[in-house]
Amino acid sequence: MAGLAAGLGVIWLIGNKTAGPDELSSPQDWLLGWSFIGSGLVALHIRPQNRLGWAMVFTGFAWFGSILLVAHDAPLFTVGAVLQVAYIAGFAYVVVAFPSGRLQSTAERLVIGGALVVAVGVQFAALLFTDTHAIWCTECPDNLLEVTRNDTIALDLREFQRGAGVVVIVAAIALLALRWWRASGAMRRTIAPVLWTGGATLVFAAFAVANEVLYKPLGPEPLRLMLFVISAVPVAILFAFLQRRMARGAVAGLVVELGDPTAPVDLRQALARALGDPSLELAYWYPAESRYVDGQGGPVALPEADGPRLATVVERNGQPIAALIHDPALQHNSELVDSVCAAAGLTLENERLQAELRARLAELQASRARLVEATETERRRIERDLHDGTQQRLVSVAMSLGLAESKLPADAEVAPLVHEAREALTVALAELRELSQGIHPSILTERGLPAALDDLCRRAALPASLDVSLDRRLPTQVETAAYFVVSEAVANAIKHSHATELWIRASIRSGVLVAEVVDDGIGGAGGGGGTGLRGMTDRVEALGGSLTVSSPPGRGTTLRVEIPCE
Amino acid sequence: MRVVVADDAALLREGLARLLVEAGFEVAGLAADAEELFALVERCQPDVAIVDIRMPPSFTDEGLQAAKEIRVRWPDVGILVLSQHVRASYALELLSDGTDGIGYLLKERVSDVEELRAGVERVGKGDSVLDPLVVEQLVGRPRRGNAPLDHLTEREREVLALMAEGRSNKAIAERLFVTEHTVEKHLKNIFGTLRLPPSTDDHRRVLAVVTYLDSQ
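Residues numbered from 1 in each chain as written. Chains lettered and ligands numbered in written order. Predicted model: local features only at pLDDT ≥ 70, side-chain atom pairs only at ≥ 80, totals over all residues.

1. Re the overall build of chain A
Scanning chain A from terminus to terminus reveals 17 helices and ten strands. A buried classification covers 37% of the 566 residues belonging to chain A. Contacts in chain A between residues at least 24 apart in sequence constitute 67% of all its contacts with a sequence separation of at least 6. (Helix = DSSP H or I, 4+ residues; strand = E, 2+ residues; numbered from the N terminus. Buried ≥ 20, exposed ≤ 12 C-beta atoms within 10 Å, placed from the backbone. Contact = placed C-beta atoms within 7 Å.)

2. Details of the overall build of chain B
A tally of helices and strands in chain B yields ten helices and six strands. A buried classification covers 46% of the 216 residues belonging to chain B.

3. Focus on the sheet that holds strand β7 (residues 502-509) of chain A
Residues and elements named next belong to chain A. With mixed pairing, the five strands of this open sheet are ordered in space as β6-β7-β8-β10-β9. A strand with exactly one partner marks an edge of an open sheet, and here the two such strands are β6 (464-469) and β9 (546-550). Adjacent strand axes in the sheet meet at a mean angle of 10° when their direction is disregarded. Sheet topology places β7 next to strand β8 (residues 512-519); eight bridges connect them, and they run antiparallel. Pairing of A506 across the sheet is with A515, part of β8. Packed onto the sheet, helix α15 (residues 449-459) meets β6 and β7 and runs at close to 175° relative to β6. Here helix α16 (residues 476-496) sits on the sheet and contacts β7, β8, β9 and β10 (557-564); the angle it forms with β8, its principal contact strand, is near 10°. (Pairing = 2+ DSSP bridges. Axes fitted to C-alpha atoms, helices over the stretch in contact; angles between N-to-C directions.)

4. Thoughts on the sheet that holds strand β6 (residues 128-130) of chain B
Residue and element names in this part refer to chain B. Pairing in this open sheet of six strands is parallel, and the strands run β2-β1-β3-β4-β5-β6 from one edge to the other. Taken across any chain shown, the strands that pair with only one partner, and hence form the sheet edges, are β2 (26-31) and β6. Here the average twist between neighbouring strands, direction ignored, is 20°. By the bridge criterion, four bridges tie strand β1 (residues 2-6) to strand β3 (residues 48-52) in an arrangement that is parallel. Considered in β3, the bridge of V3 is made with V48.

5. Thoughts on the packing of helix α3 (residues 52-67) of chain A against helix α5 (residues 86-97) of chain A
All names here are of chain A. With their axes 8 Å apart at the nearest point, α3 and α5 run at an angle of 155° to one another. When the axes of α3 and α5 are compared, the pair comes out roughly antiparallel. As α3 packs across α5, the resulting crossing turns out to be left-handed. Residues L52, A55, M56, F58, T59, A62, W63, G65 and S66 of α3 touch α5, and the partners they reach there are A86, Y87, G90, F91, Y93, V94 and A97. (Parallel < 35°, antiparallel > 145°, perpendicular 65-115°, else oblique. Left-handed = near helix turned anticlockwise from the far one by under 90°.)

6. Here we look at unusual backbone geometry
With an omega of 5°, the peptide bond running from B:P56 to B:P57 counts as cis. With respect to the element layout, B:P57 can be found in the loop between β3 and α3 (62-73). Here A:S290, not a glycine, exhibits a phi torsion of approximately 50°, which is positive. Of note in the backbone geometry, A:N317 takes a positive phi value of approximately 50° without being a glycine. With respect to the helices, strands and loops of the structure, A:N317 is situated in the loop between β4 (310-316) and β5 (319-326).

7. A few points about the confidence of the model for chain B
All names here are of chain B. Per-residue confidence for chain B averages 88 on the pLDDT scale, and 97% of its residues sit at or above 70. When mean pLDDT is taken per element in chain B, β1 scores highest with 95 and helix α10 (residues 202-215) scores lowest with 78. Interface scoring of the predicted complex returns ipTM 0.89; its pTM is 0.61. (pLDDT = per-residue confidence, 0-100.)

8. Some words on the nonpolar core
General note: in soluble globular proteins, nonpolar side chains tend to be found buried as a group. B:A49, B:V51, B:I79, B:L80, B:V81 and B:A164 are the most contacted members of the largest nonpolar core, which totals 71 residues. No other element matches helix α7 (residues 154-164) of chain B, which puts six residues into this core. Not counting residues within four places of it along the chain, the set of residues in contact with B:I79 comprises B:A49, B:V51, B:A67, B:I70, B:R71, B:G101, B:I102, B:G103 and B:V123. Residues A:L32, A:L44, A:V82 and A:V95 belong to the second largest nonpolar core, which totals 64 residues. (Core = buried A, V, L, I, M, F, W, Y, C linked by C-beta atoms within 7 Å.)

9. Considering the interface of chain A and chain B
Listed per partner, the contact involves 29 residues of chain A and 25 residues of chain B. Counting only elements with at least two residues in the side of chain A that touches chain B, the list comes to α12 (334-407), α13 (415-439), α14 (442-447) and α15 of chain A. Ranked by residues supplied to the side of chain A that touches chain B, first place goes to α12(A) with twelve residues.

10. Thoughts on the pairing of β6(A)
All names here are of chain A. Sheet topology note: the β6/β7 ladder contains six bridges and is parallel. Residue S469 lies in a different strand from β7, and its bridge partner there is S507. This β-α-β element, β6 to α16 to β7, shows left-handed connectivity. (Right-handed = clockwise from strand over helix to strand, strands pointing away.)

11. Description of the environment of A:V313
Residues and elements named next belong to chain A. Counting through the fold element by element, V313 comes out in strand β4. For V313, a count of 14 C-beta atoms within 10 Å gives the class partly exposed. Considering only alpha carbons, one finds V313 and I325, twelve residues apart in sequence, at a separation of 8.7 Å. Not counting the four nearest positions on each side in its chain, V313 is found in contact with P320 and A323.

12. Notes on the environment of A:N492
All names here are of chain A. Mapping N492 onto the fold places it in helix α16. Judged by C-beta crowding, with 21 C-beta atoms within 10 Å, N492 ranks as buried. Taking the C-alpha atoms as reference points, N492 and G532, separated by 40 residues in sequence, lie 9.3 Å from one another.

13. Quick look at the packing of helix α2 (residues 27-46) of chain A against α3(A)
All names here are of chain A. Interaxial distance between α2 and α3 falls to 7 Å at its minimum, and their mutual angle equals 155°. Regarding the angle of α2 to α3, the classification is roughly antiparallel. The chirality of how α2 crosses α3 is left-handed. Contact residues: D29, L32, G33, F36, I37, S39, G40, L41, A43 and L44 in α2; L52, G53, W54, M56, V57, T59, G60, F61, W63, F64 and I67 in α3. Its residues placed into classes, the contact of α2 with α3 shows 14 nonpolar, six polar and one charged. (Nonpolar A, V, L, I, M, F, W, Y, C, P; charged D, E, K, R; others polar.)

14. Observations regarding the environment of A:V490
Residues and elements named next belong to chain A. Positionally, V490 belongs in helix α16. V490 sits 29 residues away from D519 along the chain, and the two C-alpha atoms are 8.7 Å apart. Setting aside residues no more than four positions away along its own chain, V490 makes contact with L456, A460, L502 and V517.

15. Brief notes about α16(A)
Over its 21 residues, α16(A) extends 30 Å from the first C-alpha to the last, a length consistent with the 30 Å expected when each residue adds 1.5 Å. Note on α16(A): the residue one or two positions beyond its end, A:H498, has a positive phi of about 55°. (Expected span 1.5 Å × (residues − 1).)

16. Observations regarding the pairing of β4(A)
Inspection of the sheet shows β4(A) paired to β5(A) by seven bridges, in the antiparallel sense. When the bridges of β5(A) are listed, A:V313 appears paired with A:A323.

17. A short note on the confidence of the model for chain A
Residues and elements named next belong to chain A. Summing up the model confidence of chain A, the mean pLDDT is 82 and the portion of residues at 70 or higher is 89%. Least confident of the elements in chain A is helix α1 (residues 2-19), whose mean pLDDT is 55; most confident is β8, at 95. Every residue in residues 19-24 is under pLDDT 50, and counting partners more than four places away or in other chains gives eight contacts.

Next comes the structure, spelled out in structure tokens:
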């Protein structure tokens, strides 16, 4: 801030001195000079290490210096004469060195060095031989640098300066073009405002020098317009600096937030805040299957390039750890995305490990569910095969025996044997029926859970009340699991509880099937339950459900099963 | 009596047809699914249609649905549904649309030519037939507390079961080797104990009794 105040003081001084002797300086002149000096000072305040600030301040002062040419005072006039075109060199440096403030290549250093030599060195040399009254204007003050008057050398040097100036400016334009051509999309977005305004100015300057426009007093309208454009350059630079500074602030906030061990952080929200993209999504790399998963371990597909969403992959030690799925606008702020990713790297890696764990769990869960489903399918198949095969064949044999029995004379010796065989077959069929219903109750497939539970109640050896409110068929594996758990619980209650009555309830509560078997028995059923119950628990858990038994001694037993249906 | 048979398994269809012929019925046609059955009933106008409960396409309860449709489209045709399962709920569902000429029997039951003949004849006459195992399930079902059914004597329970199977007083008397008068006395007692309105109509009382048994 001190620098800023000092700078403003100097500007005011120069402004006063310039305005004092002459009224010629226009608002555009002031705008241009102050724009460079002010922006330069602010830039220096934001980024003391970046030389662009100094370059902008220099350019601003050099511009004001060139205005001193209109002063009537000899020393001021001489300073103005020396600095007449120095600002062009400063300006070239600012544009070429943006945004790093450093000249990156030999070509850049050559061009900018050449610009300084031509704009200041040659100018100074020419002034040593210039009699201002002879060459420039009759009313001009004396040139204090004049050593000896030599019109030829002075004019030749001026001629050389003009030619070399055009070459240097064109070379600078070529450097900018090259830079643009090589820049990535994100980089182009960053440098575009400065590069285009700066480039346009340089092109104009090349024409101006070539046409000697600069020798004439500031008059033509195009020049005034151009001054506005030039004034925009330092503002554009400052804007770019501030934008990055704000980004750095966001990153700093993120680091603090992630580093706080007392508050668990929603990483997605924190990153969304830091990047200014509320729609941000996170996907974590799951190396076991070479795909991305979300925080819960569910599969995530990264968006296609050029789609409405973009993905930025975060790597650590050359391995992808996560991907940010974000708005394409963020693409042009790649520096911010990179710094945010760097700041969140460790947390992202942690979250990735958790996501991987969840993905593995989900996989395990899915494989359990598949196992149960496969078992179920197999049981259904066996039941159907029994029904369509063995049972039908046995019924057919019973019919044949029945026919034989009918055709035999009542007093035939084998008649009782045939009757006996048919009776035995009937018993076998009854047993087979029980067996096949134990493997898979066909009524479950035919009519669904309510009918199957109703059938269960009818066949129970204790009075059983049924209270079922299901408005739709549930997934087969849910119905089957629920049926077998209830069936097992009913069997247990009848065998062990000394109950006199049973209640079976089933309903859907927010997408979860809740089934209960309650008895009025002695309670005290072991938490572990029988092997049958253990198997049921496995089955229910494979479907993401849970099974609980509450059995206080003397107060009956309640078995409750919950299975998600969605 | 003219009879048609619907069963998707050819083995059972043919076996049943032979038994029916042996029992003295005229087998007017055989069908493999519900659609064939409807066409057959339309063409032959049989006295009784014997229908397997599990048929294509879904192999669940097509037979039951087919029976209901026949009841609506050809009310005079008796329907005997055959099942491999003892399902009181299915039997009740069948009877709920009217007990006249409706039967529900286990498949192996009809391997006995006499049982088959009796079943088909009763359905053909317009009586109802319930498989003894289904009735056993209904009557033998455990009941809570002081159920009226528990106050019946052993003999009365036997009469109740036979009545629920759809048998007439005469048939019950023959079964139990008693006189019809004795059966009537038992029935009076049963209806009194269960607090059911006395009914002499063989058809209606089946539904009343079965519904009572199911609701208690």
